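Structural overview for review
Each chain is listed here by its residues.
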Amino acid sequence: MIKRIVKYVKWIVVAFFASTILSVVAYRFVPVYFTPLMFIRCAQQIKNGGELALHHHWVPLNDIAPALPVAVMASEDQRFLEHHGFDFKAIEYAARRNKQHPEKRKLGASTISQQTAKNVFLWPGRSWVRKGFEAYFTTLIELFWSKQRIMEVYLNSIEMGEGIYGADAVAERHFRCEAKDLTRSQCALIAATLPNPQKFNSAKPSAYMLTRRDKILHEMKFVPKFPEEGQDVKK
């Protein structure tokens, strides 16, 4: 019985690693049309009796305004082009700040790579199990994907409003344009919503949002232009 259980466990482990690696490799080339969060949000909308809303259009990175990758790096992960999935400087700073100021909102240190891994392969949450899977998938996408592909998937899958996912959908719904036509200011405003896109609305920005947009616009001056595929990413 014990041998049989061990055999089953081995097969489960092999199947897990094989399936996850194959899915990561596949998504290196295949557009990500749906994510777990999209289905979760749809289920929540139905449960709450609201209108079902899911707006998502996959577009290549070349069809997204070049200011948007710069804006999200300025807002979310300024060392995205330098690290290998985990920003240990940011983690150290967040841990120190959270310890010194426990009364304030917890500061995170999640990179764009980590957010992409979570959005594409996992579910929302803060459990250690989920964080462990997030670290695993982050390592895989950093290994098999280029920085350009990570950014492309991120900008196409990230939640950017109520039922809105990706750059082209938010450009259409909030700014009546395509993702490639977004202005630098609009890109900064979109980036300003990312900490909580269900609370912050780039179509109807509050005074706080406009202040945050201006701060991101300032930070964008110090973020390098996002490189094209094949270019050196460590600028």
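For the structure, see preceding data.
Keep in mind it's a predicted model, so treat the numbers as computed, not measured.

**Let's talk about helix 5 (residues 112-121)**
Burial analysis of helix 5 places nine of its ten residues in the buried class, the great majority of the element. Buried-residue contacts for helix 5 involve helix 1 (2-27), helix 2 (36-47), helix 3 (67-76), helix 6 (128-144) and helix 7 (147-157).

**A closer look at the state of the cysteines**
Applying the stated criterion across every chain, the model contains zero disulfides. Sulfur of Cys187: no disulfide; nearest cysteine sulfur belongs to Cys177 and is 8.8 Å away. When its relative accessible area of 0% is taken as the criterion, Cys187 is described as buried.

**Things to note about a nonpolar patch on the surface**
Residues Met1, Ile5, Val9, Val13, Phe17, Ile21, Val25, Phe29, Val30, Leu143 and Phe144 make up a contiguous nonpolar surface patch of roughly 1000 Å² in combined accessible area. Elements with a contribution of two residues or more to the nonpolar patch: helix 1 and helix 6. Here the nonpolar patch gets six residues from one element, more than from any other, and that element is helix 1. Among the structural elements, Phe144 can be located in helix 6.

**Topic: the nonpolar core**
Soluble, globular proteins show a tendency: their nonpolar side chains are buried together. With 55 residues, the main nonpolar core has Leu68, Val72, Met151 and Leu182 as its most contacted residues. When contributions to this core are tallied by element, the ones reaching two or more residues are helix 3, helix 5, helix 6, helix 7, helix 8 (167-175), helix 9 (184-193) and helix 10 (207-220). With seven residues, helix 3 is the largest single contributor of residues to this core. Beyond its immediate sequence surroundings of up to four residues, Met151 is in contact with Leu61, Pro69, Val72, Met73, Phe80, Ile112 and Phe226.

**Thoughts on the packing of helix 3 against helix 9**
Direction vectors running N to C along helix 3 and helix 9 enclose 40 degrees, while the axes themselves pass 8 Å from each other. The pairing of helix 3 with helix 9 is recorded here as oblique in orientation. For the element pair helix 3 and helix 9, the recorded crossing hand is right-handed. Together, Ala67, Leu68, Ala71, Val72, Ser75 and Glu76 of helix 3 and Arg184, Cys187, Ala188, Ile190 and Ala191 of helix 9 make up the contact between the two elements.

**Looking at the packing of aromatic side chains**
All chains considered together, the criterion is met by 13 aromatic pairs. Judged by centre distance (5.7 Å) and plane angle (75 degrees), the rings of Phe17 and Tyr136 are edge-to-face. With a gap of 119 residues between them, Phe17 in helix 1 and Tyr136 in helix 6 connect regions that are remote in the sequence. Residue classification places Tyr136 among the buried positions, given a relative accessible area of 18%. Geometrically, the ring pair formed by Trp123 and Phe133 is edge-to-face, given 6.3 Å between the ring centres and 65 degrees between the ring planes. One end of the pair, Trp123, is in the loop between helix 5 and helix 6; the other, Phe133, is in helix 6, with ten residues separating them in the sequence. Among the aromatic residues, those joined into a ring-pair cluster are Phe16, Phe17, Tyr27, Phe121, Trp123, Phe133, Tyr136, Phe137 and Trp145. One cation-aromatic arrangement involves Arg28 over Phe29; the distance from NZ or CZ to the ring centre is 5.5 Å. The aromatic ring of Phe80 is capped on one face by Lys147, whose charged end is 4.4 Å from the ring centroid.

**A look at the packing of helix 5 against helix 7**
Orientation of helix 5 relative to helix 7, taken along the N-to-C sense of each, is 55 degrees, at an axis distance of 9 Å. Taken together, the axes of helix 5 and helix 7 are oblique relative to one another. Along this stretch, helix 5 crosses helix 7, giving a crossing that reads as left-handed. Within the contact between the two elements, helix 5 uses Ile112, Ser113, Gln115, Thr116, Asn119 and Val120 and helix 7 uses Lys147, Ile150, Met151, Val153, Tyr154 and Ser157. Grouping the amino acids of the contact of helix 5 with helix 7 by side-chain chemistry returns six nonpolar, five polar and one charged.

Each value, and the rule that gives it
- Residues numbered from 1 in each chain as written.
- Predicted model: local features only at pLDDT ≥ 70, side-chain atom pairs only at ≥ 80, totals over all residues.
- Heavy atoms only, no water.
- Buried < 20%, exposed > 50% of the residue type's maximum accessible area, 1.4 Å probe, protein only.
- Helix = DSSP H or I, 4+ residues; strand = E, 2+ residues; numbered from the N terminus.
- Contact = heavy atoms within 4.5 Å.
- Disulfide = S-S within 2.5 Å.
- Patch = residues over 30% accessible without salt bridge, like charges linked within 9 Å, V, L, I, M, F, W, Y side chains within 5 Å.
- Areas by Shrake-Rupley, 256 points an atom, 1.4 Å probe, with all protein chains shown as cover.
- Salt bridge = Lys/Arg side-chain N within 4 Å of Asp/Glu carboxyl O.
- Core = buried A, V, L, I, M, F, W, Y, C linked by side-chain atoms within 4.5 Å.
- Axes fitted to C-alpha atoms, helices over the stretch in contact; angles between N-to-C directions.
- Parallel < 35°, antiparallel > 145°, perpendicular 65-115°, else oblique.
- Left-handed = near helix turned anticlockwise from the far one by under 90°.
- Phe/Tyr/Trp six-rings, centres within 6.5 Å; stacked < 30°, edge-to-face > 60°.
- Lys NZ or Arg CZ within 6 Å of the ring centre and 35° of its normal.
- Nonpolar A, V, L, I, M, F, W, Y, C, P; charged D, E, K, R; others polar.

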